[in-house]
Amino acid sequence: MRHTHSCGELTVQHTTLTVDLIGWVHAKRDHGGLLFIDLRDRTGLIQLVIAPQKFPDLVNLHPESVIEVMGTVMLRSTETVNNHLQTGQIEVSVEQAIIHNASDVLPFSLDESRAENVSEETRLTYRYLDLRRPSNYQRLLRRHKIAAAVRNYLNDNGFLEVELPILFKTTPEGAREFLVPSRVNPQQFYALAQSPQQYKQMLMVAGLERYYSIARCFRDEDLRADRQPEFTQIDLEMSFIEAEDIYNLIEGMLRHVWKNVLQKDLALPLKRMRFREAMDRFGSDKPDTRFVLEIQDVTDIFAHSAFKVFADVVATGGVIKAINGKGLTDLTQGELKALEDSAKAMGAKGLAFIRVEESGWKSPISKFFNEEEKVALAKALSMEVGDVVFFAAEKWERACTILGRIRMDCANLLQRRGRLSIDGDRFDLLWIVDFPLLTYDDEIGHYVATHHPFTAPVPEDIGLLDSDPHTVRGQHYDLVMNGVELGGGSIRIHNCDLQRKIFHEILKIPREVVEDRFGYMLRAFRFGAPPHGGIALGLDRLAAMLSATTSIRDVIAFPKTQRGQDLMCQSPSPASQKQLRELHITFK
RNA sequence: GGGGUGGUAGUUCAGUUUGGCUAGAACGUCGGCUUGUCACGCCGAAGGUCGCGGGUUCGAGCCCCGUCCAUCCCGCCA
């Protein structure tokens, strides 16, 4: 390498030294008889002092040009020291300069305060420029450190890193897949792996005992702020273990990451919460427990109410849930409307409410309540003047999720009013456990796997598979942080007969489909399959949250837009007729 | 597949409510000046397919219909 130092590493100790630096022109200040250039590389900035008459070419350079300079490190005079700059006590007096690449005028400013506001569309089109911003570099650096800490920890705990195939086969259940036509097998397709799930289970049968990979996964579903068509999982699987072993391992791994990346101690063990409790109290299977605002069940109060709407719901097996938006009686009409829209988006018909004001309750429904009901309700929800209470009267799960959404909306409103503050570096981690193994799907008329069909039932519930399938608990666990699902895993089925029963009798997958898609797996389970289980954590989400950003696009080098396009290289793009012919693809 | 928000100069936005003069501002760019700045400063100039297509109108950035793109959410994500 030709340069002697990085820009950011220079200090007063280098004074009088002759150095060779190379980097980008971060900023240029032309004073006519004197020229300043801030030279930048990934380590930081250093001010160059230049006599413009000696280097006329430097005067007309655009920012982001790449130059190399040789010069002497000088101590700045006290009145010219810049305390905002790491290297602000020194500067380099330039004696020689080479322009390696004069930049065109930039399509947008890379100045942090301005670039933040530039549309993502523009920034993604010129992603290689956007990534030059120090904040973006820091995010990729942090992601790298997380991955490195994870690898170190797992390596030290007896894990083998194994790369598993990305070209897999289509599976009947699960997410929509990307199909890849096979040239040498006409009319046959691979599917890009949604996850290494089945391969890693085969590794356990193969006797590896402990496997991990930082695995790329592909799902052809619609995108969100925290969803990309390709994403990365910290994927691992272990043999001869129980759920407790996974909790211990992952908690240790997280502590290692927190220590190495954030220089913080993570308090262990992590809390655990049953699925049922998470739904009842927070209206979500990924509860944000950083603030209270809990949901209350008021079904009993209104079981025999004169208010027909509530009584009817209870009579048909539904529940009445309520949440107290503490101190939000100053809701504007617009905010109330927005809450109503939220509720409707979650499947509610409307959003009943009570405003608790000095003059009494203001509500479209409270006139139907009798005194006894009002007293009980006020007590159950600790209603005080200034509060607003919202209701959901629905089937249990829907009532929970509606108010779960309202809870998050209320928290946002309270934050905007400055009445609720959530510490930016607070991380509430917890395990969600005791999920139901199966969920009944009304549309198709039978049960589907709540997570995936390989999840083992809790042993003492296996007998209920035939009689009460909905009560069977799965040995599944989700890891949740600040209301975001960081990952999930389970103890797997390793018994051929049980796996077959789940496929055939419970999930009603036709016999020939099972044979075609999972036949190899069932066969493997007849040759000494060890008890095993594992987990997958979303690296993108983890990196995003540890970088204090809500969009995983911020921690992915080259993310795709909501329509799955890469704006920089313009993919996807049409294929040539020749390629299509070779792949045996014809369009009508 | 559905709903919300947005698209005006290179960038970020105002202008759309109530259709009406040559569509503005800041930053950037270009030219000039400037030896201690670090968001340098001062003077001047250029820069527009108002996303695209159609319609209404004497007249459309603004109203109507369609469409494309971005983004957020619902569905979906075993």
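What you see as residue numbers is a count from 1 along each chain, following the sequence as written. Note on labels: chains are lettered from A, ligands numbered from 1, in written order. Residue-level local features of this predicted model are given only where pLDDT is at least 70; pairs of side-chain atoms are given and counted only at 80 or more, and the full residue set underlies all totals for whole chains, interfaces and linings. Each side-chain value is derived from all of the structure's non-hydrogen atoms; neither hydrogens nor water enter the calculation.

Q: Tell me about the sheet that holds strand S14 (residues 319-325), and name the residues and values.
A: For two strands to pair, DSSP has to find at least two bridges joining them. Strands are runs of DSSP state E lasting at least two residues, helices are runs of H or I lasting at least four, and both sets are numbered from the N terminus onward. Ordered in space as S13-S14-S17-S15-S16, the five strands form an open sheet in which the pairing is antiparallel. Among the strands making up the open sheet, the edge pair consists of strand S13 (295-297) and strand S16 (360-362). Taking the axes of each pair of neighbouring strands and ignoring which way they run, one obtains an average angle of 25° across the sheet. Here strand S15 (residues 352-357) runs beside S16; their pairing, made up of three bridges, is antiparallel. Bridge pairing in S16 places Val356 opposite Trp361. Lines are fitted to the C-alpha atoms to define the axes, a helix being fitted only along its stretch in contact, and any angle between axes, read from their N-to-C directions, falls within 0 to 180 degrees.

Q: Tell me about the pattern of salt bridges, and please be specific about residues and values.
A: Whenever Lys or Arg places a side-chain nitrogen within 4 Å of a carboxyl oxygen from Asp or Glu, that contact is recorded as a salt bridge. As enumerated under the stated definition, the model contains 48 salt bridges in all. Note that Glu384 is salt-bridged to Lys326, the shortest N-O span being 3.3 Å. With Glu384 in the loop between helix H12 (371-380) and strand S17 (388-394) and Lys326 in the loop between S14 and helix H11 (333-345), the pair connects residues that are 58 residues apart, well separated along the chain. Ionic contacts of the salt-bridge type, sharing partners, join the residues Glu112, Glu116, Arg123, Arg127, Asp130 and Arg133 into one network.

Q: Break down the pairing of strand S2 (residues 35-41) for me, citing the residues and quoting the values.
A: Each residue gets one of three labels from its accessible area relative to the maximum for its type: buried under 20%, exposed over 50%, partly exposed in between, using a 1.4 Å probe on protein chains only. Where burial is concerned, most of S2 is hidden: seven out of the seven residues are buried. A two-sided burial pattern is seen for S2, the buried positions comprising Leu35, Ile37, Leu39 and Asp41 on one face and Phe36, Asp38 and Arg40 on the other. Note: strand S1 (residues 18-30) against S2, six bridges, orientation antiparallel. Residue pairing in the sheet places Ala27 in a bridge with Asp38 of S2.

Q: With reference to specific residues and values, describe the domain arrangement of chain A.
A: How big an interface is tends to be reported as the loss of accessible area on association of its parts. Its domain assignment divides chain A into domain 1 (7-101), domain 2 (137-273 + 428-555) and domain 3 (291-416). Throughout, the edges of the domains are those of an automatic or database domain assignment. One C-alpha centre belongs to domain 1, the other to domain 3, and the line joining them spans 63 Å.

Q: How would you explain the protein's contact with RNA strand B if you had to name every residue and give the values?
A: We call a residue near a molecule or strand whenever a single non-hydrogen atom of that residue lies within 4 Å of it. Near RNA strand B there are 44 residues, and of these Arg29, Asp30, Thr80, Gly174 and His451 occur at the shortest range. Atoms of RNA strand B within 4 Å of the protein belong to the sugar or the phosphate in 51% of instances, the rest to bases. N or O atoms closer than or at 3.5 Å make up a polar contact, with two conditions inside protein: a donor-capable atom paired with an acceptor-capable one, and, for residues adjacent in sequence, both atoms drawn from side chains. His31 is positioned with one of its backbone polar atoms (N or O) 3.3 Å from a phosphate oxygen of RNA strand B. Here a sugar or linking oxygen of RNA strand B sits 3.0 Å away from a polar atom, N or O, in the main chain of Gly174. When contributions to the surface near RNA strand B are tallied by element, the ones reaching two or more residues are S1, S2 and helix H3 (120-125). Residue classes in the surface near RNA strand B are distributed as eleven nonpolar, 17 polar and 16 charged. All residues other than Ala, Val, Leu, Ile, Met, Phe, Trp, Tyr, Cys, Pro, Asp, Glu, Lys and Arg, Gly among them, are scored as polar; the first ten of these are nonpolar and the last four charged.

Q: Describe the side chain of Arg143, listing the residues and the values that go with them.
A: Within the secondary structure layout, Arg143 lies in helix H5 (residues 134-156). Residue class for Arg143 comes out buried when judged on its relative accessible area of 14%. A distance of 2.9 Å separates the side chain of Arg143 from the side chain of Asp540, its partner in a polar contact. Aside from chain neighbours lying at most four places away, what touches Arg143 is Thr232, Leu539, Asp540, Ala543, Val555 and Ile556. Whether two residues are in contact is decided by their heavy atoms, any of which lying within 4.5 Å being enough.

Q: Talk me through the layout of surface pockets; I want residue IDs and the actual numbers.
A: Points on a 1 Å grid over protein atoms alone make up a cavity when a 1.4 Å probe fits among them but cannot get out, and a pocket when they form an open set with protein on both sides within 12 Å along at least five of seven lines; lining residues each have an atom within 4 Å of a point. Grid points are joined across faces, edges and corners, and a volume is the space filled by probe spheres set on the points. Considering only enclosed or pocket space, the second largest pocket measures out at about 530 Å³ in volume. Along the wall of the second largest pocket there are 24 residues; nearest its centre are His26, Arg40, Glu64, Arg132 and Pro134. If you list the elements that add at least two residues to the lining of the second largest pocket, you get S1, S2, strand S3 (44-50) and H5. No other element matches the four residues that H5 contributes to the lining of the second largest pocket. Residues of the lining of the second largest pocket, tallied by class, amount to eleven nonpolar, six polar and seven charged. When residues of the lining of the second largest pocket are assigned to domains, at least three map to each of domain 1 (7-101) and domain 2 (137-273 + 428-555).

Q: I'd like a rundown of unusual backbone geometry, residues and numbers included.
A: A cis amide bond links Leu268 to the next residue, Pro269, at an omega of -5°. Here Pro269 is to be found in the loop between helix H7 (243-262) and strand S12 (271-274). The omega torsion of the bond from Ser571 to Pro572 falls at 0°, within 30 degrees of zero and hence cis. Phi is positive for Ser382, close to 50°, though the residue is something other than glycine. Within the secondary structure layout, Ser382 lies in the loop between H12 and S17. Ser382 sits in the partly exposed class, given a relative accessible area of 46%.

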